[in-house]
Structures are given as structure tokens and as C-alpha cells.
Amino acid sequence: MRVLVTGAAGFIGQHVLKALLEAGHTPYGLDVTVPEPPHPIWFRVVDITQPFIGCPVDAVIHLAAAANPRACDADPAMAFNVNVNGTHQVLKMALSQGAKKVVFSSSAHVYGVGPKYLPTNECHPLWLQNTYTLTKILGEQLCQLYHENHGLSYTALRLYNAYGPGQGAGYLIPDTLEKARKGEVVTPGAETTKDFVHVDDVARAFVAALDTSFVGCVNIGSGKETPIGEVASFIARELGAIYSAAPGTATRMQADIARAHHILDWRPQVSLSEGLHGL
């Protein structure tokens, strides 16, 4: 299958390209920057907020996004341009190039942080909590609109806390690793829980979603609730750093992944301890 990946130079994008190649697909990459290191695939630098042509494909995996909630709140115009207008441009391109399927990268933040109940399934009401969340909900609704009006099939993957090799600064695990290497880790709100899912498992989910006829949203997480204090103390212990917890507001996250197993035949394979040892 010929698969176009937007945001292909990003953290998840590079792992998705690798997973597509391993699964025997022919991937094509789009991003605003060239990936490092370069991948042995067709790659094009494109700004998705402008109309673009792309290339003839069977499916599109749409990862490109403004993904930092704080940055989105600080610049809502940028967030709407990239996450809403950009998704609209990608869907138009997908139709024009003959794609039959779009896999959209959404977020578990659409349920709110924290949600009304745990584990959280896809029937949970959506919460317009911040700019980022709103843009992801609108992105899902654009996919639904294109499905209803143009017959373009889609599956939206609501990602929980992806982590793994290549993740940049600004996220809990790489930031904690950096602090531990400097000798000390202080964790505010150590009782806050996340659902950490390894990026290799996330990449497998995107590949699996290409083959399903299911239209709608699917949670992608580990299905396990883990306090961030446990993660931080594990990293500190492994690197010989001093660890301490600080007061902070605690929220909780945990995915119900029954639909992913039923629809995609997908379950996470990398445990958190295995994933952390690999960083």
C-alpha cells in the first residue's frame, strides 16, 4: 500500500515510517523539515497550512500538528492554522490523490485531564478544555465531515502518553532523564497518573489502522495507570540521581483499550520498564 505520512520527520512520524517499511508498505513523507537522519524514502518539504498536491497514494497517516498544549494556548491562531486548517488541507489532498483511507492522530486530551471516569473509553464525553483539545476535536469532526460528504474513510487514534527514543524536550520522560543526568529530580504532583505507551506500539497501531474499515475513534494507550512519581523515581534510581516529590495538583489518566484490541487486533507489547531501560 502507498501511504503518505504527514509530520514524517517528527518523533512519532519517524517510528511510523519504520513500521510501514517493516510491514511491506511504500511510505512517502511530508514535513516542514527534513528528517534526521534521512530515511530511504521519498520525502518532500511541505507546509500543510497551504494548499498542496502531494502524490498518488492509497492512504494517508496524518501526524503533523502543533502538539504542545501550552504553545497552542499561547498562540491560538497558530494552533487553529496548523491543526484545523492543516487537517482540512490534508483531507482535500487525500481526496485529490485517490486515497481511500485517512488515519488521523488525535489525543486522549479530548476527554479532559482528568476525565470523568477510569478507565476511559471512547464513549466518554468530550471536553473543550484548552485550545489544543479544541483543535483536535475539530480535526476529528473534519474527518467525519469528509467521510459523510465524500466517502473518505477514516480512523482517529486517540493517543495517550507516547514516549520512546527520539522524543524531544518538553515531555515528562525526556525532561526527567535530563534532570537525572544532572543529578537531581524533583517531581511536583507525583501522584498524578498517566497512561504511558511506547512509540513502537503507537507506530504499530497506525499501521494496523490502515487495514480496518472501522470509521471513528480508537484509544491507543497501555491500559495501565502509572503515577509520574514512580517513573521519575525509577529514572533517578537508574541514573544515580537524587529524587524528591513536591506538592502539586494530581490528575489521573488511564485508557480503556478494548476497542483497539477488537477493531485493530492491537495490544501494547513494550512494558514501561522495558521502554525506560531502552532510553
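Computed from a prediction, not measured in an experiment: that's the story for all the values here. (Residues numbered from 1 in each chain as written. Predicted model: local features only at pLDDT ≥ 70, side-chain atom pairs only at ≥ 80, totals over all residues. Heavy atoms only, no water.)

## Structural notes on the overall build of the protein
Thought 1: Scanning the protein for helices and strands turns up nine helices and 13 strands.
Thought 2: What you see for the protein is a C-alpha radius of gyration of 18 Å, in line with the 19 Å of a compact globule of 279 residues.
Thought 3: The principal-axis extents of the C-alpha atoms in the protein amount to approximately 55 × 40 × 40 Å.
Thought 4: Of the roughly 12300 Å² that the protein leaves accessible, carbon and sulfur atoms contribute 54%.
Thought 5: A distance of 3 Å separates the average location of the 20 positive side-chain charges in the protein from that of its 24 negative side-chain charges. (Helix = DSSP H or I, 4+ residues; strand = E, 2+ residues; numbered from the N terminus. Rg over C-alpha atoms; globule rule 2.2 N^0.38 Å. Areas by Shrake-Rupley, 256 points an atom, 1.4 Å probe, with all protein chains shown as cover. Lys, Arg positive; Asp, Glu negative; His and termini not counted. Charge placed at Lys NZ, Arg CZ, Asp CG, Glu CD.)

## A word on the sheet that holds strand 2 (residues 26–31)
Thought 1: Ordered in space as 3-2-1-4-5-6-11, the seven strands form an open sheet in which the pairing is parallel. In this open sheet, the two edge strands, each paired with only one partner strand, are strand 3 (42–45) and strand 11 (216–220). The average angle at which neighbouring strand axes cross in this sheet is 20 degrees, direction not considered.
Thought 2: Relative to strand 11, strand 6 (residues 153–159) runs parallel, the two sharing five bridges. Counted as the bridge partner of Leu 159 is Ile 220 from strand 11.
Thought 3: Contacts between helix 3 (residues 76–96) and the sheet are confined to strand 1 (2–6), strand 4 (59–62) and strand 5 (101–107), with strand 4 contributing the most and set at about 170 degrees to the helix. (Pairing = 2+ DSSP bridges. Axes fitted to C-alpha atoms, helices over the stretch in contact; angles between N-to-C directions. Contact = heavy atoms within 4.5 Å.)

## Some details on the side chain of Asn 219
Thought 1: Among the structural elements, Asn 219 can be located in strand 11.
Thought 2: A distance of 3.2 Å separates a polar atom in the side chain of Asn 219 from the backbone oxygen of Asp 256.
Thought 3: Residues in contact with Asn 219, not counting those within four places in the same chain, are Tyr 111, Thr 120, Asn 121, Glu 122, Arg 158, Tyr 160, Ala 255, Asp 256, Ile 257 and Ala 260. (Polar contact = N/O pair within 3.5 Å; in protein donor to acceptor, adjacent residues only side chain to side chain.)

## Quick word on helix 7 (residues 228–239)
Residues separated by three or four positions in an α-helix point in the same direction, a consequence of the helix having 3.6 residues per turn.
Thought 1: Between its first and last C-alpha, helix 7 extends 17 Å over twelve residues, near the 16 Å set by a 1.5 Å rise per residue.
Thought 2: Along helix 7, the residues classified as buried are Ile 228, Gly 229, Val 231, Ala 232, Phe 234, Ile 235 and Ala 236.
Thought 3: A positive backbone phi angle near 70 degrees is found at Gly 240, which sits one or two residues after helix 7. (Expected span 1.5 Å × (residues − 1). Buried < 20%, exposed > 50% of the residue type's maximum accessible area, 1.4 Å probe, protein only.)

## Quick notes on helix 6 (residues 199–209)
Thought 1: Within helix 6, eight of the eleven residues are buried, which leaves it mostly tucked inside the rest of the structure.
Thought 2: Those residues of helix 6 not exposed but buried are Val 199, Asp 201, Val 202, Ala 203, Ala 205, Phe 206, Val 207 and Ala 209.

## Things to note about the state of the cysteines
Thought 1: With the rule as written, the count across this model stands at zero disulfides.
Thought 2: Sulfur of Cys 123: no disulfide; nearest cysteine sulfur belongs to Cys 217 and is 10 Å away.
Thought 3: Residue classification places Cys 123 among the exposed residues on the basis of a relative accessible area of 62%. (Disulfide = S-S within 2.5 Å.)

## A few points about unusual backbone geometry
Thought 1: In this model, Val 113 is joined to Gly 114 through a cis peptide bond whose omega is 0 degrees.
Thought 2: In the segment running from Leu 118 into Pro 119, the intervening peptide bond is cis, with an omega of -15 degrees.

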